[in-house]
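Per-entry structural report
Here's the letter readout for the chains.
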Amino acid sequence: MLGAAAPFQRSPGGCCSPREQRAHGTAFGAARTRFSAVAPEERRRRVAPAPAAEAGEDPLLRGIFEISKRSCDVVLSARRLRWSPILPESPTGDSSINMQAQEEIIEMKDVFSVKLKRRCCVGQKKGGTLLGITIFRCLKKEENKLTDCAIHLNNLSEDHCHSWFRHLKEILNGFQNRPKSLKVFVNPSSHKREATHVYYEQVAPLFRLADIKTDVTVTEYEGHALSVLKECELQAFDGVVCVGGDGSVSEVAHGLLLKAQIDAGKDTDYIPTPVRAPVPLGVIPAGTTNILAHTLHGIKHAVTATLHIIMGHIQSVDVCTFSTPTKLLRFGFSAMFGFGARTLALAEKHRWMPSSQRKDFAFIKTLADLKPEECELSFLPLQIPQDDSHENDKKKREKIKKGSKDQWHKIQGHFLNVSIMAIPCLCSMAPRGLAPNTRLNNGSMALIVVQNTSRTEFIKHLKRYTSVKNQFNFPFVETYTVQEVKVQPQLTSGLDAKENTYLNTAAAEGNYPWNIDGDLMKEASQIHVRLHPQLINLYGVNTDDLESSQATCNCI
């Protein structure tokens, strides 16, 4: 039959002829030799071929571990850890089936800890039966959240596991910016007094897992962190961490930068060119608004903030100095004068109320007693004021009076609120940010001026912050990109004490409230705000890398 294989010919006796027997015996012997040369393990199952290495990614180790109850071929390089299941050999000998094994890869830059995995008896603290290695990695989830997850590589060989453990630790120790020792400040009075719980239940376990040593100070009074930082030997730490709200973070940031000036021998009363902070600052949100944490992490989430610190994600951030003509008041990232400051001053006076109720009460009360502040604004623009295509653009240009040769501009009038911000100031109530056109380190400040208007129009402006609409698209709102600002309040007479005794008394005494990073400051004289580019490093990510989120505001 054409196309059919020729049948195996046998001699009449049912066996091959002697000549055929000798020929087949030689072939069978060669096949037997080749088969016996293959290890028994290889005869039962076949390992998928290792993938081709990329440039600069030579394999350091290769071995077999059990992962998720499957035997896997694991390959380690300086950049990646990859593995694929070991599949049984196909009965038909078709090697293409082996290529269907799903390879999994994790980047070593996402790994933050590796531990030997042991089975210990009850009461046993050290030793135990070695079971393998556990690798802990940082995993990105939705809404800018980070979480930790564990991958178990099981192998009972002591030598095998110790060799892999040493190589993995060497790779992790080679990553820059990852802290080994941290100075931690915890404000137990923040928000609902939850900072201590947040630190010891969510933050400290991750620091221990990453082998980070910590020196913890639980603050006992306002200014405690500042006094500790002035005496602290910062060279003993890789970073400073604050667990608290905006006011606590503002105090620690100010103390960190002030300590840098003291160590550099600077005159702390007048610092035109301050030196950079020597170590980064980490922010663990445990307050009410948490503007700085939202701006750095895109979310109020303690685990996310902790993992950014552990992974060494660092951003250089612009900082402002706030000073009078005779002394430095403080370092900060943002400030509000007028409505934002009066609201904070009233909230601070009612500290006995629960935090959420206090905030809403102060907001509504200040809105009900809405009054403009008369002051003179002088600013040094970084560029031409933003052209927002408003109908008031012509009026805005007419109001600006050029000052001296250094192009200082002046505006005088009655303002409901003045905001000066070096960072976008994201929060749950303003997902786009209070100053969405600025960045963490673009070398400029946003000056946002809200002219006197009706309460109804002002509320419309405030509501815009909670939406995706442009909150500055009003004829009474003006925005400028600046590098310096001077605010000179004008003392007014005839204040109605019945409407707001506390605030009117402060104004009558010449002490006007300022909201600097959520911390209340009162000052009578002119305030000079200067921008200092990239003066401090903060643990977090660039604002442009954050996912947008929905606003959740219940106060308007």
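In short, a report on the structure.

1. Details of helix H10 (residues 355-368)
Across its 14 residues, H10 extends 20 Å between first and last C-alpha, which sits within 8% of the 20 Å expected from 1.5 Å per residue. Of all the residues in H10, the buried ones are Ser-355, Arg-358, Ala-362, Phe-363, Thr-366 and Leu-367. Buried residues of H10, viewed axially, fall in a sector of 155°; they line one side.

2. Focus: the packing of aromatic side chains
Enumeration according to the criterion identifies nine aromatic pairs in this entry. The interplanar angle of 85° and the centroid separation of 5.7 Å between the aromatic rings of Phe-339 and Phe-363 together place this pair among those described as edge-to-face. Residue Phe-339 is found in helix H9 (residues 339-349), and its partner Phe-363 is found in helix H10; the two are separated by 24 residues along the sequence. The same class applies to Phe-339 and to Phe-363, which are both buried. Geometrically, the ring pair formed by Phe-379 and Tyr-480 is tilted, given 4.7 Å between the ring centres and 35° between the ring planes.

3. Describing the packing of H9 against H10
Across the interface, H9 lies against H10 with an axial gap of 8 Å and an inter-helix angle of 130°. When the axis of H9 is compared with that of H10, the two are oblique. The handedness of the crossing between H9 and H10 is right-handed. Residues Phe-339, Arg-342, Thr-343, Leu-346 and Ala-347 of H9 lie in contact with H10, whose contacting residues are Arg-358, Phe-361, Ala-362, Phe-363, Lys-365, Thr-366 and Leu-367. Class assignment for the residues of the contact of H9 with H10 results in seven nonpolar, two polar and three charged.

4. Some details on unusual backbone geometry
Phi at Glu-143 takes a positive value of approximately 60°, unusual for a residue other than glycine. With respect to the helices, strands and loops of the structure, Glu-143 is situated in the loop between strand S8 (129-140) and strand S9 (146-154). Not every positive phi belongs to a glycine, and Gln-534 is a case in point at roughly 50°. Along the chain, Gln-534 turns up in strand S24 (residues 527-539). By relative accessible area, Gln-534 is classed as partly exposed at 36%.

Cut-offs applied
- Residues numbered from 1 in each chain as written.
- Predicted model: local features only at pLDDT ≥ 70, side-chain atom pairs only at ≥ 80, totals over all residues.
- Heavy atoms only, no water.
- Helix = DSSP H or I, 4+ residues; strand = E, 2+ residues; numbered from the N terminus.
- Expected span 1.5 Å × (residues − 1).
- Buried < 20%, exposed > 50% of the residue type's maximum accessible area, 1.4 Å probe, protein only.
- Arc of directions from axis to C-beta.
- Phe/Tyr/Trp six-rings, centres within 6.5 Å; stacked < 30°, edge-to-face > 60°.
- Axes fitted to C-alpha atoms, helices over the stretch in contact; angles between N-to-C directions.
- Parallel < 35°, antiparallel > 145°, perpendicular 65-115°, else oblique.
- Left-handed = near helix turned anticlockwise from the far one by under 90°.
- Contact = heavy atoms within 4.5 Å.
- Nonpolar A, V, L, I, M, F, W, Y, C, P; charged D, E, K, R; others polar.

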